[in-house]
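# Examination of the molecular architecture
Here are the chains, one letter per residue:
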Amino acid sequence: MKTINNVKMFKKELSGKRLSGKSIGFVPTMGFFHEGHLSLIRRAREENGVAVVSVFVNPAQFSAGEDLNRYPRDVNRDIELARKERIDYFFNPQVDEMYPDGYKTFVEVESLSRKLCGKSRPGHFKGVATVVAKLLNICRPDVLYLGQKDAQQAVILKRVVADLNMDVNVKVLPTVREKDGLAMSSRNKYLDDDERARAPVLYKALSEAEKSVKEGERDAGLLLKRIRRRISEEKGIMIDYVEAVSIDDLESLDEIKGPALIAGAVKLGGARLIDNVLINCEKL
Ligand code: PAF
């Protein structure tokens, strides 16, 4: 595995591979790997001649007062894990390599970026869309691997790829969970033992709603009310949002129909946790 932190060198390496006809699979991350990252990394490895992972904690997607400075990092451990998974390239640029002096260009995905998490994290998806567009231009992969836990991010990045005519196939893989259902996330590290024990309630509430939909309930208002009530049974959890939206445009639904996403975000101690269930009523 080659570890590269320079854009020019990385582009040169990959253009050689591309010329030799190998497919390139790319997993963008902010590091501090957990099984969720590793599931994407393994798929990229299995399905491509060249497997690439990037680790870059992107300042552009954090607003002032968010956790940029305390975001968990352990790049040496990430390098070892990527090596074990037989990744070919580990791209780990510094901030001034991605955003050199004079940097001015940002990718704004209208409307989608302002829904769900976008309401309480203004500017977040602009930062995500910008850095991923840059990484895709640098790496020019055949396949981009993303996780379903960040469902809104996946919808937005698919939009970027389509709107900017990028030739990359976007694959979204299922959320990897701890035994008690908590979605794996680097931010789970912020939870103390007591908070960690309460954290699975978000997924429990969402899966109970999913079960109700499977049993025939379609009233989104009722389902969301039950989810909120279930979450409020645990002390100290602040609900940021719980919403039922269409997976295409993230518009709120009154009635669960088509492929729908029921998504939520909560604050627990020092952590903001997100999760979702994807329900395809047509297939039930
Ligand atoms: O999901 C993440 O870790 C980040 O948002 C991403 C896609 C790597 C962009 O910085």
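Quick note: structure is the one above.
Figured I'd write up the structure that's included with this text. This is a predicted model, so every value here is computed, not measured.

### Here's the deal with the environment of Leu157
Position of Leu157 relative to the elements: it lies in helix α7 (residues 151-163). According to the relative accessible area criterion, Leu157 is buried, its value standing at 2%. Sequence-distant contacts of Leu157, that is, excluding residues within four places in its chain, are made with Val128, Ala129, Val132 and Leu146.

### Regarding the sheet that holds strand β7 (residues 237-246)
Spatial strand order, β7-β8-β9: 3 strands in an open sheet with antiparallel pairing. Two strands bound the open sheet, and with one partner strand each, they are β7 and β9 (271-280). Mean inter-strand twist for the sheet, computed between neighbouring axes without regard to direction, equals 15 degrees. Of the strand pairs in this sheet, β7 and strand β8 (residues 259-268) are connected by 9 bridges, and their pairing is antiparallel. Note on β8: the bridge partner recorded for Ser246 is Ala260.

### A closer look at the packing of aromatic side chains
As enumerated under the stated definition, the model contains 6 aromatic pairs in all. Aromatic side chains Phe56 and Tyr99 sit 6.2 Å apart centroid to centroid with 40 degrees between the ring planes, which places their arrangement in the tilted category. Linking Phe56 in the loop between β3 (50-55) and α3 (75-84) with Tyr99 in the loop between α4 (95-98) and α5 (117-120), this pair joins segments that are 43 residues apart in sequence. On the basis of relative accessibility, which here comes to 5%, the residue Phe56 falls in the buried class. A relative accessible area of 15% means that Tyr99 is categorised as buried. The interplanar angle of 85 degrees and the centroid separation of 5.0 Å between the aromatic rings of Tyr99 and Tyr103 together place this pair among those described as edge-to-face.

### Here's the deal with the sheet that holds strand β4 (residues 89-91)
One open sheet accounts for 6 strands, arranged β1-β4-β3-β2-β5-β6; its pairing is parallel. Bordering the open sheet on either side are β1 (2-4) and β6 (169-173), each of which pairs with just one other strand. Put simply, the sheet's adjacent strands are angled 25 degrees from each other on average, direction ignored. Relative to the sheet, α3 contacts β1, β3 and β4, its axis offset from that of β4 by approximately 160 degrees.

### A look at the environment of Lys204
Assignment of secondary structure puts Lys204 in helix α9 (residues 201-214). For Lys204, a relative accessible area of 38% translates into the label partly exposed. Remark: the alpha-carbon pair of Lys204 and Arg230, spanning 26 residues in sequence, is separated by 8.4 Å.

### Details of α9
In a regular helix each residue adds 1.5 Å, so 14 residues correspond to 20 Å; α9 covers 20 Å between its end C-alpha atoms and thus fits that length. Every buried residue belonging to α9 is among Val201, Leu202, Ala205, Leu206, Ala209, Glu210, Ser212 and Val213, and all of these are buried. The secondary structure elements touched by the buried residues of α9 are α8 (193-198), α10 (220-232), β7, β8 and β9. The first or second residue beyond α9 is Gly216, which carries a positive phi of 120 degrees.

### Focus on unusual backbone geometry
Although it is not a glycine, Arg140 sits at a positive phi angle of roughly 45 degrees. Inspection of the secondary structure puts Arg140 in the loop between α6 (124-139) and β5 (143-147). Non-glycine residue Leu250 carries a positive phi angle of around 60 degrees. Mapped onto the elements of the fold, Leu250 is located in the loop between β7 and β8.

How each quantity is defined
Residues numbered from 1 in each chain as written. Predicted model: local features only at pLDDT ≥ 70, side-chain atom pairs only at ≥ 80, totals over all residues. Heavy atoms only, no water. Helix = DSSP H or I, 4+ residues; strand = E, 2+ residues; numbered from the N terminus. Buried < 20%, exposed > 50% of the residue type's maximum accessible area, 1.4 Å probe, protein only. Contact = heavy atoms within 4.5 Å. Pairing = 2+ DSSP bridges. Axes fitted to C-alpha atoms, helices over the stretch in contact; angles between N-to-C directions. Phe/Tyr/Trp six-rings, centres within 6.5 Å; stacked < 30°, edge-to-face > 60°. Expected span 1.5 Å × (residues − 1).

Shape descriptors only; they carry no functional weight alone.
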